[in-house]
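# An overview of the molecular structure
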Amino acid sequence: MTAEIYIISGFLGAGKTTLIRKLIGEAFQNSNVALIENDFGDISVDAALMKDTNIEIREMNSGCICCSISGDFVNSVRDLLEKFCPDKIIIEPSGVGKLSDIYKYCLDRRIRELAKVKAKISVVDVRYCKKYLDNFGEFFQDQIENADTVLLSRTNEYPDKIEGASELINNLNTKAPILSKAWNDIQFDELMPSSRRRPDYKALGGCRVSKHKHEHKHSADEIFDTITIRTKRTFTYEELTKFIEEIYMRYGEKILRIKGILRSTDGNLNLQYVPGDMNITACSTTGDMLCIIGHGLNRQDIISVFNGGL
Ligand SMILES: Nc1nc2c(ncn2[C@@H]2O[C@H](COP(=O)(O)OP(=O)(O)OP(=O)(O)O)[C@@H](O)[C@H]2O)c(=O)[nH]1
């Protein structure tokens, strides 16, 4: 049986993992699901956090699928298909991955023999659509142009941003439905490509190939910095908050994403930061990892704030 591949794309912190959890817990509840996590950095915080779902997970770190590890990616998917025989494979590319590239690798014969891309979904945070398009267009634009469906996040909190974001997205992709309603109200079928709305879709065997450039102008690691910290120290909530506040003071919105699992005296803490939002919650996964992604970051400075400032 041919396995279905679902690519869940979107910029850093847009809500990809949140959507994947929803799919695993709801629509895919009775399926044999495997997940490929590709974090941009040396560690996969997402893969560690997703272990509580008990599905088969493969991590692909140290770069993004589309830049440095494409061969590994094809081998890894093939291996997963042969050994685990999943009904569904969910791929979460790094937030700075290009959807067109990941899709292209999924068309490799070794994958195509056993699996077919069913949907390419891009999640877009309504708050930052314009900003990320202006500043990181090469990556962000590709994720929108190549999506079958665009799912907006944070629409409940920022309803006034929906119209502007939808207009920008529609300028880039006139075919993908743009979903802006609360995620709890979205039916699985709405996320799937609609052949009726895509005349070119069927003609290409169910998959729309982007006609534009596949060559890289820039690789993600030329544009984005990633800093990985491993530590077995224990922290308090206040210490982690202080760290975030301090590096925000120094780097502002040059910090695009922080995520990690760290030990505290009461258990483990899951730290999630996207510009404008910080969440520190208790979690069951034991961790000792923190990943900071941005641009124009000074690695030594950030590490010294982390070590010295706490
Ligand atoms: N309030 C709110 N928070 C959200 C929403 N979507 C995601 N989040 C939170 O934003 C943070 C990042 O969400 P993720 O789902 O991890 O985002 P991601 O796209 O997987 O992030 P990366 O893998 O780092 O690129 C988490 O703390 C989520 O709980 C939303 O619609 N509303």
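Residues numbered from 1 in each chain as written. Predicted model: local features only at pLDDT ≥ 70, side-chain atom pairs only at ≥ 80, totals over all residues.

## A few points about the overall build of the protein chain
Summing up its helical and strand segments, the protein chain has 12 helices and 13 strands in all. Out of the 310 residues belonging to the protein chain, those deemed buried represent 41%. Of the contacts made within the protein chain by residues no fewer than 6 positions apart, 75% connect residues no fewer than 24 positions apart. (Helix = DSSP H or I, 4+ residues; strand = E, 2+ residues; numbered from the N terminus. Buried ≥ 20, exposed ≤ 12 C-beta atoms within 10 Å, placed from the backbone. Contact = placed C-beta atoms within 7 Å.)

## Structural notes on the nonpolar core
Within the largest apolar cluster, 82 residues are counted, with the highest numbers of intra-cluster contacts made by I5, I7, I8, I89, I90, V124 and I292. When residues in this core are grouped by element, the largest group, seven residues, is from helix α6 (residues 129-145). Counting contributing residues, this core receives three or more from each of domain 1 (3-220) and domain 2 (224-308). Among all residues touching I7, those that are not within four sequence positions of it are I91, P93, L99, I102, Y103, V117 and K120. (Core = buried A, V, L, I, M, F, W, Y, C linked by C-beta atoms within 7 Å. Domains from an automatic or database assignment.)

## Section: unusual backbone geometry
Unlike most non-glycine residues, C85 shows phi in positive territory, near 45°. One can find C85 in the loop between α3 (70-84) and β4 (88-92). Look at C85 and you get exposed, because 12 C-beta atoms sit within 10 Å. Of note in the backbone geometry, R154 takes a positive phi value of approximately 60° without being a glycine. Looking at the secondary structure, you find R154 in the loop between β6 (149-153) and α7 (162-172).

## A few points about the site of the ligand
The local shell around the ligand holds 18 residues, among which G15, T17, T18, G95 and Q272 are the closest. Those elements that place two or more of their residues in the shell around the ligand are α1 (16-25), β10 (255-264) and β11 (267-274). If you tally residues by element for the shell around the ligand, the top one is α1, at three residues. Across the shell around the ligand, the residue classes tally to three nonpolar, nine polar and six charged. In terms of domain composition, the shell around the ligand takes at least three residues from each of domain 1 (3-220) and domain 2 (224-308). (Near = placed C-beta within 6 Å. Nonpolar A, V, L, I, M, F, W, Y, C, P; charged D, E, K, R; others polar.)

## Quick word on the domain arrangement of the protein chain
Structurally, the protein chain comprises domain 1 (3-220) and domain 2 (224-308). If one sorts the elements of the side of domain 1 that touches domain 2 by residue count, helix α2 (residues 45-50) sits on top with three residues. Here the residues of the side of domain 1 that touches domain 2 are counted per class, giving eight nonpolar, three polar and five charged.

## Concerning the pairing of strand β12 (residues 277-283)
Two strands pair when backbone bridges link them, and β11 and β12 are joined in this way by seven bridges, in the antiparallel orientation. Across the sheet, V274 pairs through a bridge with D277, a residue of β12. Hairpin connection between β11 and β12: a loop of two residues separates the two successive antiparallel strands, and G276 in this loop has a positive phi of roughly 95°. (Pairing = 2+ DSSP bridges.)

## Structural notes on the packing of helix α11 (residues 237-251) against helix α12 (residues 299-308)
Running from amino to carboxyl end, α11 crosses α12 at an angle of 150°, the nearest separation of the two axes being 10 Å. The orientation of α11 relative to α12 falls into the category roughly antiparallel. The two elements α11 and α12 meet at a crossing, and its hand is right-handed. In this structure, α11 contributes F243, E246, I247 and R250 to the contact, and α12 contributes D301, I302, V305 and F306. When the residues that make up the contact of α11 with α12 are grouped by side-chain class, the tally is five nonpolar, no polar and three charged. (Axes fitted to C-alpha atoms, helices over the stretch in contact; angles between N-to-C directions. Parallel < 35°, antiparallel > 145°, perpendicular 65-115°, else oblique. Left-handed = near helix turned anticlockwise from the far one by under 90°.)

## Points about the sheet that holds strand β5 (residues 115-125)
Reading across the sheet, the seven strands line up as β3-β2-β4-β1-β5-β6-β7 and stay open at both edges, with parallel pairing between neighbours. Since the sheet does not close on itself, it has two edges, and those belong to β3 (56-59) and β7 (178-179), each with one partner. The pairing of strand β1 (residues 3-10) with β4 spans four bridges and is classified as parallel. Counted as the bridge partner of E4 is K88 from β4. Of the strands in this sheet, β1, β2 (33-37), β4, β5 and β6 touch α1, which is tilted by about 165° from β4. Of the strands in this sheet, β1, β5 and β6 touch α6, which is tilted by about 180° from β5.

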